[in-house]
Structures are given as structure tokens and as C-alpha cells.
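# Summary of the model geometry
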Amino acid sequence: MTDANSANPTLATRNLRMAHDHHTVIEDLSLTLSPGRVTAIVGPNGCGKSTLLHGLARVHHPAGGSVLLDGGDIHRQPSREVARRLALLPQDKDAPQGLTVRDLVGFGRHPHQDWFRPPSPEDRAAVDSALGAARLEELAERPLDTLSGGQRQRAWIAMSMAQHTPLLLLDEPTTALDLGHQIEVFELIRQLAATGRTIAMVIHDLPSACRYADHLIAMKEGAIISAGTPGEVVTRALVRDLYGVECDLLEDPATGSPLLINMRRSTDP
Amino acid sequence: MQRRTVLVNTALALGVAVAALAALSLGTIPLHPVGVLRAFTTGEASQQMALILFELRLPRVMAGALTGAAFALAGCLMQTLARNRLATPGIIGIDNAATAFAVASITGVGIGLAPPAMALVGAATAAALAFALAGRTGTRGYPFIMAGVGIGAIAGAITQLMLTRVAIDAANAAYPWTVGSLNSREAMATHLLAGGLALCWLAALGIGRHLNVLRLSETVATGLGTHPGRLRLAGLGIAILLTGLAVAVAGPVGFVALLGPEMARSVSHPARVPLTASALAGAILMLLADLAGRMILAPLEVPVGIVTAIAGSPWLLWILLRQTPGRAL
């Protein structure tokens with residue numbers, strides 16, 4: 001096992017099998033997240049991408065194989081220790097009525113705190129810097145239920161930032177947000193990546209994944225069918241295979257990432 | 001945040017003291033509150049007053065405050081674990097099962113255990129059954145709540161059946177167990193409750209920090225390094241013990257477990273699960289309800305369980321109608 005405090009913790013799976021109620025969702029999946037990069041996991045509904053993320057975040061136990069954090073089985077490490085290196089932003093989340101943005105972000109310090117110890121200056125600094133990075137200083141004392149969807153999602157991301165982990169997993173961080181709020185959230189994620197964090201996110205929208213991820217993992221029926229840079233992964237054949245969609249591809253003149261145009265349903269199944 | 005918790009708890013503790021003083025002073029023979037306070041501080045009291053105060057009213061006030069605190073703390077724990085404000089021990093059948101077991105021991109159906117002990121056994125049995133039937137508590141506890149409601153209904157029916165089958169004096173003896181009353185408590189059960197409540201309160205405070213993040217969702221709580229499964233087991237264990245001990249003293253007094261935490265939440269900081277505040281609010285509710293029960297139709301006494309049901313139902317309806325469905329606690 002490598003040093004737990006190494007600058008670049010690694011998260012990997014080895015022959016991972018995940019199942020829901022004896023129904024196998026993911027079979028024999030091995031991957032290693034590229035350190036310091038943003039990885040987007042894409043694929044059609046039901047391909048197992050959220051299950052994979054939950055497996056990586058030790059929310060569900062694997063039915064076989066293992067998830068390795070810094071080379072050691074993640075389920076054999078104390079959950080609190082894991083939470084100091086790996087943060088998760090799930091879709092399933094809710095906040096008590098009246099909870100302010102600052103309260104929420106403060107919960108990110110949970111794995112760094114102890115019973116009855118008042119928040120340390122370090123905790124406060126981490127919360128302030130997370131609020132600043134997510135541009136939420138002005139809203140810090142506002143209850144979450146009074147914010148827009150995009151602001152709220154930024155507050156949740158700020159909570160994960162306050163957790164101060166080198167690894168961050170995000171489950172569909174932009175679902176149900178309008179275009180402006182989506183871009184707001186994606187830009188915050190890019191900003192986080194620029195600080196050297198390793199980020200993996202499940203994304204529904206392939207064009208956004210191309211635009212904002214360094215690395216794509218394309219999944220179908222519980223297996224990885226392609227992985228690499230967006231330019232390497234996204235081909236007409238792959239889009240047809242994943243989604244049953246025909247398209248043409250261009251190169252985005254601004255970023256060099258693939259652009260999907262002229263999308264239409266495939267005629268032959 | 002810390003300051004608000006201290007402030008709220010101090011205010012509620014004062015409320016408990018005032019309610020207790022009122023309960024000690026008021027009654028068929030009214031005592032002057034100043035005289036009552038003096039009797040407590042200096043021990044100075046007439047023989048008659050000492051009898052009323054220390055022999056009759058004080059044990060009842062202690063029992064009321066302790067059962068109220070225990071019911072409400074149990075309610076707060078279960079609501080938080082199930083992330084559902086309706087998931088109180090009373091509604092998911094733990095009270096009913098405890099009652100059924102206690103009644104069984106009085107009517108001679110049960111084993112030779114005293115009713116309070118049987119109440120504890122009943123509470124544990126109901127919870128275990130609900131667990132077994134639900135298989136798991138589920139993310140929001142729905143399977144567990146549904147199983148509990150069913151078990152509660154069956155336990156209620158069994159209680160009624162037992163009462164219709166026995167001689168009238170046995171049914172009379174069992175009656176307080178079915179409505180909830182502070183009139184027929186046993187000193188031993190109150191002492192057990194006092195000790196149990198102290199331990200359970202400390203244990204609840206011990207997991208309080210983790211309960212705070214569990215409210216965000218189980219997945220979020222896992223991501224923050226807690227173990228929702230272990231937390232649920234510990235919290236449920238504490239809640240079941242509290243409910244069993246309280247039912248053993250007062251029978252199934254409804255609504256305190258629901259309304260105590262509700263009251264505590266409305267004044268507490270939203271980032272904290274109000275454990276201590278719930279217990280204190282529950283004690284206030286119970287003391288006032290029992291006092292009302294003694295006063296309304298004096299010299300007749302209305303059992304405290306009937307008072308909480310009459311006063312609590314409209315309050316519950318108001319909460320249900322006022323709140324957006326599906327909101328987090």
C-alpha cells in the first residue's frame with residue numbers, strides 16, 4: 001500500500017462486479033482514474049455508470065473483485081480515513097429546512113472533526129475558501145431552500161470541497177439544471193481540477209462530457225467499451241452503439257474537443 | 001450554533017421547572033408555589049403539605065417528566081433515522097406491542113413477568129418483527145414503518161381481544177395500560193426509567209454528531225465517513241429501550257414522541273438534531289398534559305394518554321396540513 005497522504009491518491013477497480021438484488025449490473029470491470037484529471041463516465045440509461053460511481057465511493061459493497069484506494073481495499077479502510085481522501089456528491093441528498101449555505105458547507109468538515117470539539121480555525125478557513133471558490137460568499141447566510149437550483153448545487157459542491165479531499169466523485173452534478181446553471185457548475189468543476197484534484201463524474205449529456213472532461217469512459221451493459229480522451233473515444237460508431245443515434249462530428253475550434261452535430265435516431269436497430 | 005443550542009436547552013429546562021412547579025402546586029388541595037419552593041430549598045413544610053408534596057405529587061411529577069423525556073427522545077431518534085416525521089414509536093406499533101405484552105401479563109395470558117418487564121419485552125419484540133418483515137429499514141424507512149404500522153394494529157387487536165375475554169376486575173387492572181396514565185405507576189419502574197434515560201441520553205449524544213449528517217441522506221453521510229447501518233442499529237436500539245422503559249411506567253401515551261421533537265425542531269438550529277431539546281420539550285408536554293388531566297374534571301381524573309390524544313390530534317393535523325409533503329426533517 002502506498003503512502004496514504006501522497007499528493008496523488010489513486011482510485012482503481014480490479015475485476016469489479018456490482019449487483020443489485022442478485023442481478024449483476026457490472027461485470028469484471030477494471031479501471032484506474034487518471035490522477036489530476038476530470039474523468040466523465042458516460043453511457044445510456046441503465047448501463048451501470050451510477051452503480052460504478054457508488055462502488056467507487058464505497059456506498060455499495062462489490063459482489064466481487066475490489067475497489068482500491070491507494071492500493072488498499074477501500075472497504076478495509078476506516079470510513080472516516082477514506083472520507084479524508086475521497087469525497088462524494090450523490091444525487092440523493094436533502095437538507096433540513098432553514099439550513100444555511102455555511103452550515104451545509106461546514107458539514108464537509110465532518111471527517112476532520114471529533115466529538116464536541118468546536119470547529120478549529122482550519123475548519124473555518126476550509127469553509128471560507130470553499131465558499132469563495134464556489135462564489136457563494138454573498139449567499140453564505142441564506143437558507144438553502146431560498147436558492148436557485150444552480151446555486152444550491154454549487155453549495156453542495158462547496159461542501160465536498162470543504163472536505164479537502166484529493167479525490168472527488170460527482171453523480172450527475174448538472175441534472176435538472178438549465179443551460180446557464182449547468183455551465184456554472186461545469187466551470188466550477190474545471191476550476192477544482194485546476195487545483196490538482198482527481199475528479200470522476202457521471203454525466204448524461206455526451207456533448208458536455210466532451211467539452212468538460214479530459215478523459216471519457218464509455219459504458220454499455222455494465223462494461224467499459226471505450227476509454228480515452230474525448231477525441232479518441234467519441235466516434236460515429238460509438239455514438240450509434242451507445243445511444244442508437246447517428247451524428248456527424250466536428251472539432252470544436254475553441255477547445256479541440258469533438259462536437260456532435262446533426263444528431264438523429266438510427267434507422268437500422 | 002453552539003450558543004443557540006445552549007440558549008434553547010436552558011429555556012426549555014426552565015420550562016420544565018415551571019411546569020413541574022405548577023404540577024406540584026396545583027391540585028385538589030392547592031399549595032402556594034412559594035411555599036413549595038421553600039419546602040424544597042429548606043425542607044420546611046407542615047406534615048400535611050409534606051405528605052401531599054413529597055409522597056403524592058413529587059413522584060408523579062418525576063414519572064411524568066421522565067416518561068415525557070423518554071418518549072420524545074425516542075421519537076426524535078426514530079424520526080431522524082427514518083427521515084420521516086411520522087416514524088415515532090407510537091405510530092409504528094412499539095407502544096401497542098409493549099401494551100399488549102403488559103396486558104397479557106395482567107390478564108394471566110403471559111408468562112410470570114411483571115407488567116413493566118413485559119412492556120420492555122413487547123417493545124423489543126415489535127421492533128424485531130418490524131425489522132424482520134421489512135428486511136431492511138430502506139432509505140427513508142418506508143418498509144420498516146409499514147411493517148410497524150401493521151404490527152401495531154395486530155398488537156392493538158390482541159389487547160382488545162384479551163380484555164374482552166377476562167373477568168371485569170382483571171380488565172379494570174389492565175385499563176391504565178391501554179390508555180396511558182401516570183396514576184398506577186410502580187416506583188421500581190420509575191427508577192429503572194431514570195437510570196435508563198440517563199444512559200440512553202448520553203448514548204444518543206454520542207451518536208448525535210453523525211445523526212446531524214445522516215439527515216442530509218444516507219449516501220451523503222457515507223461519503224462523509226459515517227456508517228449509516230451501524231448508526232441506525234444504535235439509534236433504534238436506544239429508541240426501543242427508551243420506549244419500553246417509558247411504557248412500563250405510564251403505558252402508551254401517544255403524541256408526545258411526535259410533538260416533543262416537533263416543538264424542539266421549531267426552535268433549534270437546523271444543523272443539529274435536537275436530542276436534548278426534544279427530551280426537555282417532551283417532559284414539558286407530559287407534565288402539562290397530566291396537570292390538565294388532573295384539573296379539567298377534578299376531582300375526577302382524565303388519564304394523561306387521553307389528554308395527549310385530544311390535544312395532540314389537532315396539532316398533528318395542523319403540522320401535516322401546513323408542511324410541504326416529502327420535505328426533509
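Residues numbered from 1 in each chain as written. Chains lettered and ligands numbered in written order. Predicted model: local features only at pLDDT ≥ 70, side-chain atom pairs only at ≥ 80, totals over all residues.

All names here are of chain A. Read across the open sheet, the four strands follow the order β2-β1-β4-β5; overall the sheet is antiparallel. At either margin of the open sheet sits one strand with a lone partner, and together these are β2 (23-32) and β5 (72-73). The pairing of strand β1 (residues 11-20) with β2 spans six bridges and is classified as antiparallel. When the bridges of β2 are listed, T13 appears paired with L31. (Pairing = 2+ DSSP bridges. Helix = DSSP H or I, 4+ residues; strand = E, 2+ residues; numbered from the N terminus.)

Residue and element names in this part refer to chain A. For chain A, the assigned domains read domain 1 (1-85 + 165-234) and domain 2 (96-162). Centre-to-centre separation of domain 1 and domain 2, based on C-alpha positions: 23 Å. Those elements giving two or more residues to the side of domain 1 that touches domain 2 turn out to be α2 (79-83) and α6 (179-193). No other element matches α6, which puts six residues into the side of domain 1 that touches domain 2. (Domains from an automatic or database assignment.)

Time to look at the packing of helix α5 (residues 115-134) of chain B against helix α10 (residues 228-250) of chain B. Residue and element names in this part refer to chain B. Running from N to C, α5 and α10 point in directions that differ by 145 degrees, and their axes come no closer than 8 Å. Our pair here, α5 against α10, has a crossing hand that is right-handed. For the pair formed by α5 and α10, the contact residues are P116, A119, L120, A123, A124 and A127 on the first element and L236, I240, T243, G244, L245, V247 and A248 on the second. Class assignment of the residues belonging to the contact of α5 with α10 gives a composition of eleven nonpolar, two polar and no charged. (Axes fitted to C-alpha atoms, helices over the stretch in contact; angles between N-to-C directions. Left-handed = near helix turned anticlockwise from the far one by under 90°. Contact = placed C-beta atoms within 7 Å. Nonpolar A, V, L, I, M, F, W, Y, C, P; charged D, E, K, R; others polar.)

Taking 1.5 Å as the rise per residue, α10 of chain B with 23 residues should run 33 Å; its terminal C-alpha atoms sit 32 Å apart, in good agreement. Counting buried positions along α10 of chain B gives 17 out of 23 residues, so the element sits mostly inside the fold. (Expected span 1.5 Å × (residues − 1). Buried ≥ 20, exposed ≤ 12 C-beta atoms within 10 Å, placed from the backbone.)

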